[in-house]
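These are the residues of each chain, in order.
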Amino acid sequence: MTKLFNDPARFTEDMLVGFLDANARYVTGVPGGVVRAHRTRPGKVAVVIGGGSGHYPAFCGTVGPGFADGAVVGNIFTSPSAEEAASVARAAHNDAGVLLTTGNYAGDVMNFGLAVTQLRSEGIDAHYFAVTDDIASAPRGEEAKRRGIAGDFTVFKCASAAAEEGQDLAGVIRVAEAANAASRTLGVAFDGCTLPGADHPLFTVPEGHMGLGLGIHGEPGVADEAMPTAAGLAATLVDGVLGDRPDAPEKRIAVILNGLGRTKYEELFVVWGEVSRLLRERGYTVVDPEVGELVTSLDMAGCSLTVMWLDEELERYWTAPADTPAYKKGAAAQPQSGQLRSDQDTETVSAAPPLNELSDDDGRKGARLVARALDSMAAALADAEEELGRIDAIAGDGDHGRGMVKGSSAAREAAAAAVADGGGQGSVLAAAGKAWAAKAGGTSGVLWGALLTALGTRLGDTGRPSAADVAAGMRDGYDALIRLGGAAPGDKTMLDALLPFVEELERRVADGESWQDSWRAAAETATEAARATAELRPKVGRARPLAERSVGTPDAGATSLALCARTVGDCLTLTTQGDN
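Residues numbered from 1 in each chain as written. Predicted model: local features only at pLDDT ≥ 70, side-chain atom pairs only at ≥ 80, totals over all residues. Heavy atoms only, no water.

Per an unreviewed UniProt entry, the protein goes by Dihydroxyacetone kinase and derives from Mycolicibacterium wolinskyi. Taken verbatim from the UniProt record of the protein, the Pathway (unreviewed entry) comment is "Carbohydrate metabolism." (UniProt positions renumbered as here; feature names shortened; annotations may be inferred.)

Caption draft 1: Quick peek at the packing of helix 13 (residues 467–485) against helix 14 (residues 495–510). Running from N to C, helix 13 and helix 14 point in directions that differ by 155°, and their axes come no closer than 9 Å. With respect to their mutual orientation, helix 13 and helix 14 come out roughly antiparallel. Crossing of helix 13 over helix 14 shows left-handed handedness. Between helix 13, through Ala-467, Ala-468, Val-470, Ala-471, Met-474, Arg-475, Tyr-478, Leu-481 and Ile-482, and helix 14, the contact on the second element is made entirely by Leu-495, Leu-498, Leu-499, Phe-501, Val-502, Glu-503, Leu-505, Glu-506 and Val-509. Classifying every residue of the contact of helix 13 with helix 14 by side-chain character gives 15 nonpolar, no polar and 3 charged. (Axes fitted to C-alpha atoms, helices over the stretch in contact; angles between N-to-C directions. Helix = DSSP H or I, 4+ residues; strand = E, 2+ residues; numbered from the N terminus. Parallel < 35°, antiparallel > 145°, perpendicular 65-115°, else oblique. Left-handed = near helix turned anticlockwise from the far one by under 90°. Contact = heavy atoms within 4.5 Å. Nonpolar A, V, L, I, M, F, W, Y, C, P; charged D, E, K, R; others polar.)

Caption draft 2: Quick peek at empty space enclosed by the protein. Overall, the coordinates contain 4 cavities of 30 Å³ or more when judged by the stated rule. By volume, the largest cavity amounts to about 130 Å³. What lines the largest cavity is a set of 13 residues, and nearest its centre among them are Pro-8, Asn-75, Ile-76, Arg-402 and Lys-406. Of the residues belonging to the lining of the largest cavity, the class tally is 6 nonpolar, 4 polar and 3 charged. (1 Å grid on protein atoms, 1.4 Å probe; cavity = no way out; pocket = protein on both sides within 12 Å on 5 of 7 lines; lining within 4 Å. Points joined across faces, edges and corners; volume = space filled by probe spheres on them.)

Caption draft 3: Geometry of the domain arrangement of the protein. The domain boundaries assigned to the protein delineate domain 1 (8–327) and domain 2 (355–572). Put simply, the middle of domain 1 and the middle of domain 2, counted by C-alpha atoms, are 32 Å apart. Contact with domain 1, which involves 31 residues of that partner, is made by 24 residues of domain 2. Buried surface at the junction of domain 1 and domain 2, summed over both partners, amounts to about 2300 Å²; 53% is from carbon and sulfur atoms. The largest contributions to the domain 1 side of the interface with domain 2 come from Met-110, Leu-202 and Pro-220, which together make up 21% of the buried area. Run the count over domain 1 and domain 2 and you get 1 salt bridge. Across the pair Glu-83 and Lys-434 runs a salt bridge, and its minimum N-O distance is 3.8 Å. Scanning the region where domain 1 abuts domain 2 turns up 4 residue pairs in polar contact (both at pLDDT 80 or more). Of all the elements in the fold, those that place two or more residues in the side of domain 1 that touches domain 2 are strand 4 (70–76), helix 2 (82–92) and helix 3 (106–121). For the side of domain 1 that touches domain 2, the leading source of residues is helix 3, giving 5 residues. (Domains from an automatic or database assignment. Buried area = accessible area lost by both parts, 1.4 Å probe. Salt bridge = Lys/Arg side-chain N within 4 Å of Asp/Glu carboxyl O. Polar contact = N/O pair within 3.5 Å; in protein donor to acceptor, adjacent residues only side chain to side chain.)

Caption draft 4: Broad picture of the pattern of salt bridges. Within the structure shown, the criterion is met by 33 salt bridges. Residues Arg-184 and Asp-244 are paired through a salt bridge, measuring 2.9 Å at the closest nitrogen-oxygen approach. Here Asp-244 lies in the loop between helix 6 (230–242) and strand 10 (252–259) and Arg-184 lies in strand 7 (residues 183–191), a separation of 60 residues in the sequence. As far as the burial class goes, Arg-184 and Asp-244 line up, both buried. (Buried < 20%, exposed > 50% of the residue type's maximum accessible area, 1.4 Å probe, protein only.)

Caption draft 5: Highlighting the pairing of strand 7. Most of strand 7 sits inside the fold, with 7 of its 9 residues counted as buried. Pairing of strand 7 with strand 13 (residues 301–309), which is carried by 8 bridges, proceeds in the antiparallel orientation. Residue pairing across strands places Ser-183 opposite Met-308, the latter belonging to strand 13. The pairing of strand 7 with strand 8 (residues 209–212) spans 2 bridges and is antiparallel. For Ala-189, the partnering residue across the bridge sits in strand 8 and is Gly-211. (Pairing = 2+ DSSP bridges.)

Caption draft 6: Structural detail: helix 6. With 13 residues, helix 6 should reach 18 Å at 1.5 Å per residue; the first-to-last C-alpha distance of 18 Å fits that figure. Along helix 6, the residues classified as buried are Leu-233, Ala-234, Leu-237, Val-238, Val-241 and Leu-242. End-on, the buried residues of helix 6 take up no more than an arc of 145°, which puts them together on one face. Structurally, helix 6 contributes buried residues whose contacts are with strand 7, strand 8, strand 10, helix 7 (265–281) and strand 13. (Expected span 1.5 Å × (residues − 1). Arc of directions from axis to C-beta.)

Caption draft 7: View of helix 3. Along its 16 residues, helix 3 runs 23 Å from first to last C-alpha, staying within 8% of the 22 Å computed at 1.5 Å per residue. Positioned one or two residues after helix 3, Gly-123 has a phi angle of 90°, which is positive.

Caption draft 8: Summary view of the packing of aromatic side chains. Applying the stated criterion across every chain yields a total of 11 aromatic pairs. Aromatic side chains Phe-19 and Tyr-56 sit 5.9 Å apart centroid to centroid with 70° between the ring planes, which places their arrangement in the edge-to-face category. Taken together, the residues span a long stretch of sequence, with Phe-19 in helix 1 (residues 11–22) and Tyr-56 in the loop between strand 3 (46–53) and strand 4 at a distance of 37 residues. Given the relative accessible area of 37%, Tyr-56 is considered partly exposed. A centroid spacing of 5.9 Å and a plane angle of 55° characterise the contact between Phe-59 and Phe-156, whose relative ring orientation is tilted. Here the residue Phe-59 occupies a position in the loop between strand 3 and strand 4, and Phe-156 occupies one in helix 4 (residues 151–165), the gap between them amounting to 97 residues. Assigned by exposure class, Phe-59 and Phe-156 land together as buried. (Phe/Tyr/Trp six-rings, centres within 6.5 Å; stacked < 30°, edge-to-face > 60°.)

Caption draft 9: Up close: the side chain of Asp-108. Take Asp-108: it is sitting in helix 3. Those residues within four positions of Asp-108 in sequence are excluded, and the remaining contacts are Gly-51, Ser-79, Pro-80, Thr-102, Gly-103, Gly-113 and Tyr-128.

Caption draft 10: Up close: the environment of Leu-16. Looking at where Leu-16 falls in the secondary structure, it is placed in helix 1. Apart from the residues within four sequence positions on either side, Leu-16 is in contact with Val-34 and Val-73.

Caption draft 11: Spatial organisation of the pairing of strand 1 (residues 27–30). Where strand 1 and strand 2 (residues 33–36) come together, 4 bridges link them in antiparallel fashion. Across the sheet, Val-30 pairs through a bridge with Gly-33, a residue of strand 2. Joining the antiparallel neighbours strand 1 and strand 2 is a turn of 2 residues, in which Gly-32 adopts a positive phi near 100°.

Caption draft 12: Inspection of the sheet that holds strand 2 at higher detail. The sheet built from 6 strands is open, its strands ordered 1-2-4-3-5-6 with mixed pairing. Among the strands making up the open sheet, the edge pair consists of strand 1 and strand 6 (126–131). Adjacent strand axes in the sheet meet at a mean angle of 25° when their direction is disregarded. This element, helix 5 (residues 169–181), spans strand 3, strand 5 (98–103) and strand 6 of the sheet and lies at about 5° to strand 6.

So this is what it looks like as structure tokens:
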């Protein structure tokens, strides 16, 4: 159990304070994460890694010479926002482009992809790459659907070494692709991890068993098997990984036996003795193996085996020196030769637009209604946090409740600030959406940010929106989620509640009902639709590998969306007609 914290909601922020202080010669903080203490040298591609926290040494612990130039740091098991990813990339970039790379998780793919779009619009040559090494999360032939777990480390290391050597951006991308194609990982869990402030783990493993095919975000394995001896576990891991080997003739391999946070090094060495024997018996030469904690999952008990098949180039990058806070390899890496960063380098400066000049009295009245609705939503989600987390933990990582609380709380504060600045309803919704995405992170954070922003764009800052405007704004939000998320109705996501809501809202508005009455009726439709997701099997996201386990439990995202819709409906009932 994670026992040492102050405010659980600020665990990541408090962790970064200590990490940066202890490692000031390597790293400095920037909005969204950390970068090397010295500026990236001219002509060097910047490699920016990242994802949610809870995985140390990944990801911030491997920023330094020979490895990453920066790391984006999200909340525990939660994707950083697009704004945070872009912020770290800007700070890390010099003049040769930047590669942003993460594991293959929907929130990371969305947010880092959006960050790349933003960076390119600013004239920065940026590219995104997702690691897909986890053989348990999708079958052979569907490698693009696989998660990135401890194989993140082999890909990040090789891409970073290529950048350090002087490869251009296209070359660094090519090395990342080659390392990913050559990497395979299989993991097991003996017990689940516990989020700071929680009193129970995200999942448990039956006594005398292990979960095979776990994720690194608190997800349980895809199957439970009887707990073997160390030799039996070694055989399971080796057989699994080698059974999915790429079509490569190489017999030289890089190998990681990775601890997930609670399994002792001595235990790992016992397993490694068996793993190394099996690999050598099968004709492999193990090159610079790593045994220890590299990509953890808070205090999860378990381990994973990663194998990367080496050609001459990948071996050169795998064995290249590195010097970071948590990972050192070979002779001293190239010293930090760039200039030491100044305070100005690590600050983001932005001017707030004069919101009161964009709105009129009607727009400001609408803004106050939006702020009240967001305040009510934040309160309702705080009350539902534990239940939403419980639902999400059935086949996911259990962070949905916390993410929704952090996102809605940030949105409430941003909305209140925008109202105080004289903003209209459009600006208030946009500010709330931006804050929700930034603070919640993860897939739901991105999607809620996009939904609120699309609605705000439609409603604008002046005049009183018509019922048709409100319905069209919600349809815009739904369309934005379809474009962004890669999911569809029936995939067991929030769309399965949002689409029925939008369709009912449109139908009633077209029949002449007020948007307030239409909204309340549509919220009930969304609630029924959310309950019906219990019979669906997830087809995207972290829950997909555990699809059968989720049957009988409604989708957490659909449930929270319906809750928010009902809460807004209740708020409308209490709102006077003169302040609509």
